[in-house]
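Residue-level listing of the chains:
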Number of protein chains: 2
Amino acid sequence: MKLIFTKSELNKAVGIVMKAVPTRTTMNILECILIDATTNEIKFTGNDMELGIETIVEGEIIEKGKVAIDAKLFSEIVRKLPDNEITIETDSNFTALITCEKSKFNISGKSGDDFSYLPAILKDKMITISQFKLRETINQTLFSTAPNDNNKILTGELFEVKDNSLRVVGLDGHRIAIRNVSLQGRADDIKVIVPGKTLQEISKILSTDDENMVNIYFTNNHILFEFDKTVVVSRLIEGEYFKINQMISNDYETKVIINKKEFLDSIDRANLLIKEGEKKPIIITIEEGSLKVNVNSAIGTLNEDIDIEKEGKDLMIGFNPKFLIDALRVIDDENVNIYLVNPKAPCFIRDNENSYTYIILPVNFTA
Amino acid sequence: MKLIFTKSELNKAVGIVMKAVPTRTTMNILECILIDATTNEIKFTGNDMELGIETIVEGEIIEKGKVAIDAKLFSEIVRKLPDNEITIETDSNFTALITCEKSKFNISGKSGDDFSYLPAILKDKMITISQFKLRETINQTLFSTAPNDNNKILTGELFEVKDNSLRVVGLDGHRIAIRNVSLQGRADDIKVIVPGKTLQEISKILSTDDENMVNIYFTNNHILFEFDKTVVVSRLIEGEYFKINQMISNDYETKVIINKKEFLDSIDRANLLIKEGEKKPIIITIEEGSLKVNVNSAIGTLNEDIDIEKEGKDLMIGFNPKFLIDALRVIDDENVNIYLVNPKAPCFIRDNENSYTYIILPVNFTA
């Protein structure tokens, strides 16, 4: 095999497929990137058996062939080579000679025959959204999942398509993040649970440009993302997701409209007085025209005051500040609407368009 | 006590004195910043008993007084407050009320009476250099010291003034970094060992501007840096420093002039094939017009070739790549001169002006 790339194209492609290469594994071959130039195009693949990524790389094929190369070493070599043409050449023992200007690396590769290609996916049920919107949706919900929970379902996100709208949900038992995206055209109904790790990795390689689209295909066991010259395939999490609709209510006793930045900055300061792991809540007092933030901990006390618009009853309620901070940080609006019922009932943070909903359980407090 | 500051002035001052506040200590009072407004100026002090920093802070004194406040908490509060006027007020129990806009923090402080002020230093022997040059000198030598050695002397740097020139030296037994700075005016002879940690911290608060000067005062036990509105005092390390002059030689058998960036990039790539902790050297072969970099390790091989100007004999020599990388990274010149004698003798990297010298011991290798 003999291939010629530009450094920038090679660097980009390695960066993409690396996202599916596990850092620790007992199967050496999984720590490799497969370079496949057996046809008329060059394809790189990374695959940890849960998540697989494939991308077509621009380059010149001087001699066809394929090889599996240690992903970490290969990516570091590519990154540190001069910004010029890079040639990769293998011999019959799969030793790879990587040359660029006056630099010649020899590293041992493996036969690509043991490498697992991505599973073939029936491209039946499909939706299309912009890469930017998928990225934003993941960023606005993924923090609400429980990354290391024994209950696998809590580590993933619900992707539900109904009435031409995509709903993505993450929850960890203390809070729920919901993001709605309306879809163009007609879409089949879908309800699957996607691993959080898959979404984490894909969000890193999606474009930030609103004009680039991603096609998402669904089967019973897999989800497939197709964008630019890249395909990402992931297994789904088996099981029945929680009944979200039962948790959502439109009833409220108190509605608050508050400046998001002022509220976030205030909670962020309040959090300074609460030690990591401490269960101490911050106390929020809602009155006519003002929301008071109060903490009284072993470290000290804080009292703040934020101007608000209020409808309905006055209320005093306690929260874990981290949960409020996580949600407020990913909201891009100037103002947010907060809906409350009583100090024991979940609090809803919503925008006017109903594009996102954060539901946060309050914490008991002694006033 | 009642004081009013701008956020930016307060933030800057806290950042400066924090550099002398220890992260872990058994003496609670050392984890505090002392705010002293008993006279007509406001002075902040941090002091871990080895290193002390004092800075004058611009602000309005409404009521005189002093208080010691937990440094970490105080700095976080100041950083997160809005960019506006900040008032600090204490009561007779040393509880500090910190207010800014609608935010009111109450945190407990301590009487400043137990706090150790900086030791009084006899301002006798003194030199003056620019802050920029001191910073650069520290950055170009400190990496060569042994930060955690049982031999205290290896953890510090020699500051030697002789013939109106400052020489700063760091060494760890494998390499030596020497930086010479010529001084304006007449200076007394000085020879002291300054703790590496002191230099590390001071380099973070020195200005990058070549016009701002720093006065450095020396006694038998202390070094004092005076610049802007800040004073830094540090104990010295006791003992006799190594006899540097005996290690410096101007004899050589081979002289190489090489492009610094090409050499650094090449060694940096070679380092990819050497595992952390492995004793494997890189091998450098110097021939007419070319320097070859070669590694042959369990991971793979690398061969590179760099154009050079050479005087004297051909030579093959092995190095720990990390030591070459550390030295080349802090050199700002386009080309460097390398002087060699034989594969067992130290290698010297120098500029034409003799402003820096790096001496690196070679490593045995089997060709």
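As the structure is a prediction and not an experimental result, all values here were calculated from the model.

Criteria and cut-off values
- Residues numbered from 1 in each chain as written.
- Chains lettered and ligands numbered in written order.
- Predicted model: local features only at pLDDT ≥ 70, side-chain atom pairs only at ≥ 80, totals over all residues.
- Heavy atoms only, no water.
- Helix = DSSP H or I, 4+ residues; strand = E, 2+ residues; numbered from the N terminus.
- Buried < 20%, exposed > 50% of the residue type's maximum accessible area, 1.4 Å probe, protein only.
- Contact = heavy atoms within 4.5 Å.
- Polar contact = N/O pair within 3.5 Å; in protein donor to acceptor, adjacent residues only side chain to side chain.
- Pairing = 2+ DSSP bridges.
- Axes fitted to C-alpha atoms, helices over the stretch in contact; angles between N-to-C directions.
- pLDDT = per-residue confidence, 0-100.

## Re the overall build of chain A
- Helix and strand counts for chain A come out as 7 helices and 26 strands.
- The dimensions of chain A, computed from C-alpha atoms along their principal axes, are 75 × 50 × 35 Å.
- Considering chain A as a whole, with its 367 residues, one finds that 54% of them fall into the buried category.
- Considering only contacts within chain A whose residues lie at least 6 apart along the sequence, 68% involve residues at least 24 apart.

## With respect to the environment of Asn320 of chain A
Residue and element names in this part refer to chain A.
- Residue position: Asn320 is located in the loop between strand E23 (315-319) and helix H7 (321-329).
- Spatially, the C-alpha atom of Asn320 lies 20 Å from that of Ser290, the residues being 30 residues apart in sequence.
- One polar contact links the side chain of Asn320 to the main-chain amide nitrogen of Lys322, over a distance of 2.9 Å.

## Description of the environment of Glu136 of chain A
- As for its placement among the helices and strands, Glu136 of chain A is situated in helix H3 (residues 131-139).
- Polar contacts involving the side chain of Glu136 of chain A include one to the side chain of Arg179 of chain A, which spans 2.2 Å.

## Considering the sheet that holds strand E4 (residues 51-57) of chain A
Residues and elements named next belong to chain A.
- On the basis of which strands lie adjacent, the open sheet formed by 8 strands has the order E6-E2-E3-E4-E17-E16-E15-E10 and antiparallel pairing. Whereas interior strands pair on both sides, the edge strands pair on one side only; in this sheet they are strand E6 (65-70) and strand E10 (125-130). Here the strands of the sheet are splayed against their neighbours by 15° on average, with no regard to which way each runs.
- Relative to strand E3 (residues 42-47), strand E2 (residues 32-37) is paired through 3 bridges, and the arrangement is antiparallel. Bridging from a neighbouring strand, Ile35 pairs with Phe44 of E3.
- This element, H3, spans E10, strand E15 (213-218) and strand E16 (222-227) of the sheet and lies at about 95° to E10.
- Lying on the sheet, helix H5 (residues 196-205) is in contact with E4, E16 and strand E17 (230-235); it crosses E16 at an angle near 0°.

## Some points on the confidence of the model for chain A
- Considering every residue of chain A, the mean pLDDT works out to 95; 100% of them sit at 70 or more.
- Across the whole predicted complex the pTM is 0.92, and at the interface the ipTM reaches 0.90.

## Describing the pairing of strand E7 (residues 85-90) of chain A
Residue and element names in this part refer to chain A.
- Here strand E1 (residues 2-6) pairs with E7 via 5 bridges, running antiparallel. Following the sheet pairing, Leu3 is matched in E7 by Ile88.
- In this structure, E7 lies alongside strand E8 (residues 95-100), joined through 4 bridges in antiparallel fashion. Among the inter-strand pairings, Thr87 is bridged to a residue of E8, identified as Thr99.
- Count of turn residues in the E7/E8 antiparallel hairpin: 4 residues, of which Phe94 carries a positive phi of about 65°.

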